[in-house]
Amino acid sequence: MADQSVSPIPVTPGGLSRRAQQFIETEGVRVRRQDIRRHRDAWIGHGVPAAEVERATAFQDRWGGLALPAAPFYEGGPRILDADCPEEMPAVGWSFPAGDCRASMAYSFAIGPDDAFGIDAYCWTPLHASTGGWLESLALAAHARRWATTVTRVTWRAVDALDLGEFEPVPEVQGVTDSWWRGKDSLIAVYRGEAVGLDAPQCLEAHIYGGLDEWGLYGG
């Protein structure tokens, strides 16, 4: 059933880092989520497998109605996490919407057949292995912006020229097409989703957060 009353202060789902929990609880807002259970029989009647309806419903129960600040890329990301009717992607499998875009875009945000969080553009492009990974990336970006002494934006060919040899991947963001890297005094976010999903290498972008102390690198 849909929420009868909704606290604007979201309760953070389990399994996230303390940094992500604090980000959601201080920066997020919980709004009334739609009750997609009422569509179950109609969706199944139109050929949607029951297992996919249940998967979308589980997402809605966990994440539905969560509104967060704009992401630093992807035109700010979804406005509100919100599931809807599952659809079959040719040669890929079933997916369902993750929430409406903040602006008119050439792609939509979706949850893929393996529960990855990604964009459905010219091709399905998973960004993170889970919705939790996407939220971890948002929390890390907010944290890095707050504590970095320098923020550098790098685009296109310069991204592939970055030397990441002394960096290690940040595991909690569960990077697939996108990734985060941690060095001795800096964090690097690499956004490849639009370049891959739209077959547009000029959209490749990275953000370098420099001058970080140990708290800036690991805090939260």
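Residues numbered from 1 in each chain as written. Predicted model: local features only at pLDDT ≥ 70, side-chain atom pairs only at ≥ 80, totals over all residues. Heavy atoms only, no water.

S.K.: Describe the overall build of the protein chain, with residues and values.
M.R.: Along its length, the protein chain carries 7 helices and 13 strands. Each principal axis of the C-alpha distribution contributes one length, and for the protein chain these read about 55 × 40 × 25 Å. Carbon and sulfur atoms form 51% of the exposed surface of the protein chain, whose accessible area is close to 10,700 Å². Across the protein chain, 19 positive and 30 negative side-chain charges occur, with their mean positions spaced 5 Å apart. (Helix = DSSP H or I, 4+ residues; strand = E, 2+ residues; numbered from the N terminus. Areas by Shrake-Rupley, 256 points an atom, 1.4 Å probe, with all protein chains shown as cover. Lys, Arg positive; Asp, Glu negative; His and termini not counted. Charge placed at Lys NZ, Arg CZ, Asp CG, Glu CD.)

S.K.: How would you summarise the environment of I119 if you had to cite specific residues and measurements?
M.R.: With respect to the helices, strands and loops of the structure, I119 is situated in strand β7 (residues 117-120). Along the sequence, I119 and S108 sit 11 residues apart, while their C-alpha atoms lie 5.5 Å from each other. If near-sequence neighbours (up to four positions away) are discounted, I119 is found in contact with Y74, Y107, S108, F109, W124, T125, L127, G193 and E194. (Contact = heavy atoms within 4.5 Å.)

S.K.: How would you explain the sheet that holds strand β1 (residues 29-30) if you had to name every residue and give the values?
M.R.: On the basis of which strands lie adjacent, the open sheet formed by 3 strands has the order β1-β2-β3 and antiparallel pairing. Only two strands of the sheet have a single neighbouring strand rather than two, namely β1 and β3 (80-81). By the bridge criterion, 2 bridges tie β1 to strand β2 (residues 66-67) in an arrangement that is antiparallel. The residue of β2 that forms the bridge with R30 is L66. (Pairing = 2+ DSSP bridges.)

S.K.: Residue-level account of the side chain of S186, with values.
M.R.: Inspection of the secondary structure puts S186 in the loop between β11 (179-182) and β12 (187-191). Residues in contact with S186, not counting those within four places in the same chain, are F167, W181, Y209, G210, L212 and L217.

S.K.: Account for the environment of A56, naming residues and giving values.
M.R.: Structurally, A56 can be placed in helix α3 (residues 50-63). Note on A56: relative accessible area 0%, which makes it buried. Considered as a pair, A56 and A83 are 27 residues apart in the sequence and their alpha carbons are 6.0 Å apart. Not counting residues within four places of it along the chain, the set of residues in contact with A56 comprises I36, A83, D84, P86 and F96. (Buried < 20%, exposed > 50% of the residue type's maximum accessible area, 1.4 Å probe, protein only.)

S.K.: Quick one: what's the story with the pairing of β7, residue by residue and with numbers?
M.R.: In the sheet, strand β6 (residues 108-111) pairs with β7 via 4 bridges, with the strands oriented antiparallel. Within the sheet, the bridge partner assigned to F109 lies in β7 and is I119. Where β6 folds back on β7, the antiparallel hairpin that results is connected by 5 residues, among which D115 adopts a positive phi of roughly 75°. Pairing of β7 with strand β8 (residues 124-128), which is carried by 4 bridges, proceeds in the antiparallel orientation. Residue pairing in the sheet places I119 in a bridge with T125 of β8. Counted between consecutive antiparallel strands, the loop separating β7 from β8 contains 3 residues.

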